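Chains, contacts and geometry: an overview
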Amino acid sequence: FNEACLSDFTITIFNRWGTLVFESTVYSVGWNGNTVSGGNPYPEGTYYYKLSYTNGNTKETKNDKGFFQLAR
């Protein structure tokens, strides 16, 4: 996947209670399962993500959302 073809990239991750635990507007910056402030690990469990970006070649905006399981 060519990062140069992306614009308006945003990923947000929420815990099971709907609290925002991570947000990034940079494609190459991912979540490692830890808190941003102190680096403490979040507990194993189900998390929800929302992803949106615009394809720079086609100018088409893509949106995705879903659940994933954090396991250590």
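Residues numbered from 1 in each chain as written. Predicted model: local features only at pLDDT ≥ 70, side-chain atom pairs only at ≥ 80, totals over all residues. Heavy atoms only, no water.

1. Quick look at the sheet that holds strand β2 (residues 20-24)
Strand order in this open sheet of 4 strands is β2-β1-β3-β4, and the pairing throughout is antiparallel. Because the sheet does not close on itself, it has two edges, and the strands there are β2 and β4 (61-70). Across the sheet, the mean angle separating the axes of adjacent strands is 15° when strand polarity is ignored. Of the pairings in the sheet, the one linking strand β1 (residues 6-14) to strand β3 (residues 45-55) comprises 7 bridges and is antiparallel in character. For Ile11, the partnering residue across the bridge sits in β3 and is Leu51. (Pairing = 2+ DSSP bridges. Helix = DSSP H or I, 4+ residues; strand = E, 2+ residues; numbered from the N terminus. Axes fitted to C-alpha atoms, helices over the stretch in contact; angles between N-to-C directions.)

2. Remarks on the nonpolar core
Within the largest apolar cluster, 12 residues are counted, these being Leu6, Phe9, Ile11, Ile13, Val21, Phe22, Trp31, Tyr42, Tyr47, Tyr49, Tyr53 and Leu70. Per element, the largest residue contribution to this core is 4 residues, and it comes from β1. (Core = buried A, V, L, I, M, F, W, Y, C linked by side-chain atoms within 4.5 Å. Buried < 20%, exposed > 50% of the residue type's maximum accessible area, 1.4 Å probe, protein only.)

3. Quick look at unusual backbone geometry
A negative phi holds for most residues other than glycine; trans holds for most peptide bonds. Although it is not a glycine, Asp8 adopts a positive phi angle of roughly 55°. Its place among the elements puts Asp8 in strand β1. The class of Asp8 is exposed, set by a relative accessible area of 60%. The phi dihedral of Lys59 is positive, around 65°, even though this residue is not glycine. Counting through the fold element by element, Lys59 comes out in the loop between β3 and β4. Lys59 gets classed as exposed once you look at its relative accessible area, which sits at 62%.

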